[in-house]
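Each chain is listed here by its residues.
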Amino acid sequence: MSAIWDYYTAAWKCLILNWRILFLLYMFSLGFAFLAIGPFSNLMDYVYGDSLVLGDMTSRFDYSAIADMINHYGDGVQLSISTVFSFVVIYFLWSVFYTGGLIELSMHKNTRSSTIVFWKGGAEYFFRYLRLSVYMMVIVAIILSLIFIFFTKDGLNPLHLKSEDFLIFRFKVLVIVAVVVFFMTSIFRDIAKVIIRDMSHIPFILSSNFKALAQTFTWRYVALSLTNLFFLGLVFLLYILLKTFMSSTWLVLILSQIFLIYRLAYRFVRLASFNYQYRAVKAVLPLHNQSSPDRA
Amino acid sequence: MGQAPLSPRIANYDMEISLDVDNKIITGKTILLWKNTTDVAADELYFHLYYNAFRNSESTFFSERGVPDFLTKNIDENCGWGYSEILKFLDQDGQDLIPDAKYVSTDDNNAKDKTVLKVKLSSPVQAGEYGTYTYEWKAKIPQTMPRTGYNMDYYFFAQWFPKLGVLEAEGMRFAKRAQWNCHQYHSNGEYYSDFGVYNVSLTVPIDYEVAASGELIAQSKSDTTRTWTFRAEDVIDFSWTTSPHYVVQEAAYKDTRIMLYSYPEKAHFSERYFEATQFAMQYLDEHLGEYPYSTLSIIDPPIHGMYTGGMEYPTLITSLTFNSFPAGFKTAETLVTHEYIHQYFMQMVATHEVEEPWMDEGITTYYENRILDAYMGTRESFIDFAGIKIGSKEYNRGEFFSSEKVSIGDNTLKSWEYKNGGYKEMAYNKTAIWLQTLEGMVGIDVMDKIMKAYFQRWKFKHPCRYDFIDVVNEVIAEVLPEEYPEGMDWYFDQVLYGTETCDYAISSISELEPSVSRGYIANTKDCESGDAWPEAPINTKILIKRNDGLMLPIEIKVNLENGEHKMYKWDGKEKVHSIIVESDSKVTSAEIDPDRKIHIDKNFINNSLVVEQNQKGLRGYIARCMDTLMHGFELMTMLI
């Protein structure tokens, strides 16, 4: 157990030393959101900017104001939604890119690395992580489809249902199953991220990839994943708790952004701790020593 | 029971009904006691045979609605179709009139529709006289159709027995002479019947619970069956339901027993049902008049009987709840309130739902919005879930204006004349919106006076739209003669008979140049331009536009920099109207209809205009959206 804690804290140490990367990730996220929200912001300005309705709109959920906007400025709403979806795709590609950067950064344990390490890692591993992400999307789609098929196996026609309670029960069970499956999938995904960083050639045959994963998997990854999730949950609860005491919108906003930064940090810490666990067990490739030439 | 008649009691039914659950058949023997209230002799009777709407796909009902899949798939194994047949129809002399009876198509010339049966009488019923007829009939129960039918061991019977049409006397509603009013069974709209007394004995399997219109007056049982006898007085219809699974719970409002029949898995909704119903009962009791019946039964159908939910019958209403819905979805409260209001509008004030659906559904929706907003708050009476709060009134307005059928027709269309859709929008939504607007214009006290007068004058009668308009004009003439010297016909011409929409907008606010003296001021040598008048007021011109055709008097509120405001009125008729505001303080904003009285205005956003934008509020809102988006980005990429 102490080894797991060591990996976890080592990951945090690495992150703290490389806080600038975290700042960079945050700024990118902010930038993408800023660009994505642009048309919506303009639309809001155009629709509500000169109207007293703005007061109601910004202070609570105003159904009439929203309905009127959709009815009378529907094209603008459509454009805003399309833009946001475009940036979802861009953000997805960016997240694939920065995963490589984060993995590479984590290789430099106890080191304050140059941002070049991050960019290099991102560029170098982009396509292999992109491929992994596509696989993951397919796997997620398959899991969701299976869950849906299971949920609807007796049909959803209300005329054929004796009671909806068994559907609700089935739904609850499937949610639990889904959580467990996605939890395990995310572990295998992150192990895969760590493994494929080292591979010069990734076999295209999926079965061999799964074999490599299976050989690498130990229950320590589960414990490590639970540790990461535990602290994420803890911070989330703290965030919710603090939020309830705050009356100022701007303070809530700042708190939410702090939580977002924590979520970005969580990404790094999880990947880095998996990386350390992997290398400790397999010793496939040694971590760079502290006098890394990449040091800034 | 046995109280002094509240209604004319024109069509009275004694029925003995037997339910065969194995073959899905009901057999009935009916004794009809009918009074001819016209001044001419009646030599024929018209009957609704509603269940023939489910006889086959050729019926008017299905040609309007479309045939559901379950009636076409595996039809050989499981025939879900139904029918209704009168086997024997005996007059007072014991003569069977069925051989000469024939099906007629009163509305659409659909010869294949068998939902109206004309029975030629061998001896006419004279004006003012009673006729007594005994008929035996049977019906195959359809698998759950809209409103009626069976599914598994759940049965709901609505529009289920051969029922007499209405012989309208000359001058009644639109009748220019005495005439039968008996429409075919259409996809939309059901009610128009004479008041009467129903004594109904229902024989069902012994383990089945029964809920029905009226009051249970007797019960008897054999080895395998139980007979439940109900009596409903001064009602226009009778419906019932049976199932072995009903759990019965009871509450009360004054002397009325409120009974809830639900399946065990939904019994926990009782508190929500009872509280909402009691609130609605008290509200209408205070605003319109008392509910005169001793019972009110609420049926919450099982999920396989959901097509029978959300319906109204005399002293019996159906709602619909789902265990999978969060409590913030106020389905239970909304439906039970809506259907209860129908006890007033269509049951007591017995309008013609097929010919004038707005008088039934529209007025009910108007009161539904009022009651629910009063009960649960104007901002959350429809949905209060995950930060999304929507009031009943605002949902109704949003639903209407989101539709593409806002101007599809006027409110006088009959239910089957909405051939391209729009029935719900016109009958329910639009009517409620223009009644809400009328309330805004005349004030809620006057509106209450109108509605109370309408209810009190027309309860247990059959009014038409002219009668409603007459009441409005009478009350307005009495209490608001100066505001509306010509009455309110101009209003009904637009909202009831017209299809125009309403949109007023503040177009611009511009400060005029200060008044300056020009010309020969000091002497006549020089023509000059003087200084601005000291203490001259600031003149601001506010331009208001009427974008659409509907014209209503509106109020304009002008807000000033010093915190004060000025109110202006405009009859709303010109296309463009300007107001010059004279004030010592600058105008900061102007707003049309600040109290949202004109509910029918389709765009509230352009109702106001500010001189300087409140960028701070907007920035805060956008920042919150950005924050949500950033979290969304992260969430989305968590899985990959």
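Above this text sits the structure in question.
Sequence order as written defines the numbering, with residues in each chain counted from 1. Note on labels: chains are lettered from A, ligands numbered from 1, in written order. It should be noted that, the model being predicted, local features are given only for residues of pLDDT at least 70 and side-chain atom pairs only at 80 or more, the latter also being counted only at that level, while totals for whole chains, interfaces and linings use all residues.

**Structural notes on the environment of Gly149(B)**
All names here are of chain B.
Move 1: Within the secondary structure, Gly149 is located in strand β8 (residues 149-151).
Move 2: Exposure in this text rests on C-beta crowding, where 20 or more other C-beta atoms within 10 Å of a residue's own make it buried, 12 or fewer make it exposed, and counts in between make it partly exposed. The C-beta atoms are placed from the backbone. Taking the C-beta count within 10 Å as the criterion, Gly149 has 24 such neighbours and is therefore assigned buried.
Move 3: Each C-alpha atom of the pair Gly149 and Tyr344 lies 26 Å from the other, and the pair is 195 residues apart in sequence.
Move 4: Remark: residues whose backbone-derived C-beta atoms lie within 7 Å of one another are considered to be in contact. Discounting chain neighbours no more than four positions away, the residues touching Gly149 are Gly82, Ile141, Pro142, Gln143, Thr144 and Phe156. For helices the rule is a DSSP run of H or I covering at least 4 residues; for strands it is a run of E covering at least 2, with both sets numbered from the N terminus onward.

**Remarks on the interface of chain B and chain A**
Move 1: At the interface, 52 residues of chain B touch 55 residues of chain A.
Move 2: Elements with a minimum of two residues in the side of chain B that touches chain A: β24 (388-390), α5 (392-401), β32 (587-592), β33 (608-610) and α10 (615-637) of chain B.
Move 3: Of the residues forming the side of chain B that touches chain A, the biggest block, 17 residues, is contributed by α10(B).
Move 4: Here the side of chain B that touches chain A is composed, by residue class, of 26 nonpolar, 18 polar and eight charged. Gly is put with the polar residues, along with every residue not named as nonpolar or charged; the nonpolar set is Ala, Val, Leu, Ile, Met, Phe, Trp, Tyr, Cys and Pro, and the charged set is Asp, Glu, Lys and Arg.

**Some remarks on the sheet that holds strand β15 (residues 215-221) of chain B**
Residue and element names in this part refer to chain B.
Move 1: Any two strands with at least two DSSP-identified bridges between them are counted as paired. With mixed pairing, seven strands are arranged side by side in an open sheet as β4-β7-β2-β1-β13-β16-β15. In the strand order of this sheet, the two ends are held by β4 (83-90) and β15, each with one partner. Going across the sheet, the axis of each strand differs from the next one's by a mean of 15 degrees, ignoring polarity.
Move 2: Two strands pair when backbone bridges link them, and β4 and strand β7 (residues 130-140) are joined in this way by seven bridges, in the antiparallel orientation. Each bridged residue has a counterpart across the sheet, and for Leu90 the counterpart in β7 is Thr134. Only the contacting stretch of a helix is used when fitting its axis, a line to C-alpha atoms as for every element, and angles between N-to-C directions run 0 to 180 degrees.

**Points about the sheet that holds strand β9 (residues 154-157) of chain B**
All names here are of chain B.
Move 1: The four strands lie next to each other as β8-β9-β17-β14, forming an open sheet whose pairing is antiparallel. Every other strand in the sheet has two partners, leaving β8 and β14 (209-212) as the edge strands with one partner each. Going across the sheet, the axis of each strand differs from the next one's by a mean of 10 degrees, ignoring polarity.
Move 2: Here β9 runs beside strand β17 (residues 240-243); their pairing, made up of three bridges, is antiparallel. Each residue of the ladder has a partner; that of Phe157, found in β17, is Trp240.

**Quick word on the packing of helix α6 (residues 423-442) of chain B against helix α7 (residues 444-458) of chain B**
All names here are of chain B.
Move 1: Axis separation between α6 and α7 bottoms out at 6 Å; the angle between their running directions is 125 degrees. As judged from the angle between their axes, α6 and α7 are oblique. Side by side, α6 and α7 meet where Leu438, Glu439 and Val442 of the first sit next to Ile444, Val446 and Met447 of the second.
Move 2: In terms of residue class, the contact of α6 with α7 is made up of five nonpolar, no polar and one charged. Angle categories are assigned with fixed cut-offs, so that under 35 degrees is roughly parallel, over 145 is roughly antiparallel, 65 to 115 is roughly perpendicular, and the rest are oblique.

**Overview of unusual backbone geometry**
All names here are of chain B.
Move 1: The backbone phi angle of Met346 is positive, close to 125 degrees, even though this residue is not glycine.
Move 2: Among the secondary structure elements, Met346 is positioned in the loop between α3 (331-341) and α4 (357-376).
Move 3: Phi at Ala386 takes a positive value of approximately 50 degrees, unusual for a residue other than glycine.
Move 4: Note that Ala386 resides in the loop between β23 (383-385) and β24.

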